[in-house]
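Coordinate analysis (summary)
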Amino acid sequence: MLDSPASPRCAVVIPAFNEETTIAAVIDRVHQSCNAYVIVVDDASQDQTIAEARRAGARVICLPQRLGAWGAIQTGLRYALKNDYAIAITMDADGQHDPGFIPALLQPIEQNQAEVTIGAAPARVSNARRLAWRWFRMLTGLKIEDITSGFRAYNRSAMRIMIKSAASLLDYQDVGVLLMLRNGGQRIIEVPVAMQARANGKSRVFSSWLIVAKYMAHTSLLALARMNRPQSKHYLSKSERL
Amino acid sequence: MISYQLTSSLIGIIVAAAIIFLVRRGHMHGPYAVWWLCAACVFFLLGLFPRVVDQFGVALGVSYPPMLAVILGFVMIVIKVLLLDLERSRQEIAIRRLVQRVALLQDRLHELESSQSPTD
């Protein structure tokens, strides 16, 4: 159990791609909210994201090639697990997530009510996206309201599942990740949070109709392929190199 | 006018020779080399004995026997493409994990260099 929400055994993992305008402010707000160790995983940015994040006091891990947000998060989780952090919190670099809610995310994990918590703000999204979420819930049987929220906390047991090779082929921190957690026997709790409008730009997933169509097809197939995957001994016991 | 068997034999021998040449020169990784050597054998044998397809076609009840070779060839191509995508996915996982590992090792190296620099 952690001593407090501000325990240094907690790491905040922030994936960042070309976020020079917002990254420093996000790191400052995390430092003001708690004394968690801040890890920025730079996804091969072409701007000053790395310099800004280092200047703001974060540890910056630089990916030599773009892996996407989930690949960057998985890198941060590998780092957190290897360096004995008890809990890893993931949040966006665009200022959408309020670090003030980090203690609320930590509480259910500290009280052993869940292995994973999700900062949920389903009211923020459009009706179309809510319909898409409902479709994915229907396909998978997941009882989670905010499927795409990147504001989450994972304990070590959940982190171990998230760093597996099978998770490396996922592209987003959404349905595929949630199904792996559920199939791995992890308890997931949603915590209501407030989310800001993105300070810089719009969602990369829902940026055009073509991308939305590809995302829907890809994620629906993933949901169908993994919806009733039984928990196998191999799945749970297979060790992965950090 | 040259015979059909001579034409098919030439085609079969040329394709088989090209494949064997590439495999012998080490341009192909083990499992792929086995696949293509088998393909070379099939080209070679069907080139030398094109009537084998007709006999198999009749035996299997195919009304136009040459279609049997076309369909079997198409099926083999589909299987090969499927195997390629499976291999591509495996490689994608390996590349992503390696990129992550390189980033983590670079970070560790940076940390070690920083910790040693004041004493240098």
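See above for the structure.
Not measured: the values here are computed from a predicted model.

1. Thoughts on the overall build of chain B
Looking only at helices and strands, one finds four helices and zero strands in chain B. Listing each helix as α and each strand as β along chain B from the N terminus yields α-α-α-α. The C-alpha radius of gyration of chain B comes to 25 Å, more than 25% above the 14 Å expected for a compact globule of 120 residues. With the principal axes as the frame, chain B shows a C-alpha extent of 85 × 30 × 20 Å. Long-range pairs, those at least 24 residues apart, make up 45% of the contacts in chain B with a sequence separation of at least 6.

2. Overview of the interface of chain B and chain A
Contacts between chain B and chain A engage 12 residues on the former and 14 residues on the latter. Residue composition of the side of chain B that touches chain A, by class: five nonpolar, three polar and four charged.

3. Observations regarding unusual backbone geometry
Among all residues save glycine, negative phi is the norm, and among peptide bonds the norm is trans. All names here are of chain A. Phi is positive for A44, which is not a glycine, with a value near 55°. The exposure class of A44 is partly exposed, given the 17 C-beta atoms found within 10 Å. Positive phi is not limited to glycine here, since N112 has a value of about 55°. With respect to the helices and strands, N112 occurs in the loop between α4 (102-110) and β5 (116-120).

4. Some remarks on helix α3 (residues 68-82) of chain A
All names here are of chain A. For α3, with 15 residues, the first-to-last C-alpha span of 21 Å sits near the 21 Å given by 1.5 Å per residue. Across the 15 residues of α3, 12 count as buried, placing the element largely inside the fold. In the stretch just after α3, D84 is the one whose phi turns positive, near 65°.

5. A few points about the packing of helix α1 (residues 4-24) of chain B against helix α2 (residues 30-48) of chain B
Residues and elements named next belong to chain B. Contact geometry for α1 and α2: axes closest at 7 Å, N-to-C directions at 160°. Looking at the two axes, α1 sits roughly antiparallel to α2. The handedness of the crossing between α1 and α2 comes out as left-handed. Together, S8, S9, I11, G12, I13, V15, A16, I19, I20 and V23 of α1 and A33, W36, L37, A39, A40, F43, F44, L46, G47 and L48 of α2 make up the contact between the two elements. Each residue belonging to the contact of α1 with α2 can be placed in one class, and the counts come to 16 nonpolar, four polar and no charged.

6. So, the sheet that holds strand β7 (residues 188-192) of chain A
All names here are of chain A. If you walk across this open sheet you meet the seven strands as β3-β2-β1-β4-β6-β5-β7, and the pairing is mixed. With partners counted over all chains shown, the strands left at the sheet margins are β3 (59-62) and β7, one partner each. Each adjacent strand pair in this sheet contributes to an overall mean axis angle of 20°, direction not counted.

Definitions and cut-offs
- Residues numbered from 1 in each chain as written.
- Chains lettered and ligands numbered in written order.
- Predicted model: local features only at pLDDT ≥ 70, side-chain atom pairs only at ≥ 80, totals over all residues.
- Helix = DSSP H or I, 4+ residues; strand = E, 2+ residues; numbered from the N terminus.
- Rg over C-alpha atoms; globule rule 2.2 N^0.38 Å.
- Contact = placed C-beta atoms within 7 Å.
- Nonpolar A, V, L, I, M, F, W, Y, C, P; charged D, E, K, R; others polar.
- Buried ≥ 20, exposed ≤ 12 C-beta atoms within 10 Å, placed from the backbone.
- Expected span 1.5 Å × (residues − 1).
- Axes fitted to C-alpha atoms, helices over the stretch in contact; angles between N-to-C directions.
- Parallel < 35°, antiparallel > 145°, perpendicular 65-115°, else oblique.
- Left-handed = near helix turned anticlockwise from the far one by under 90°.
- Pairing = 2+ DSSP bridges.

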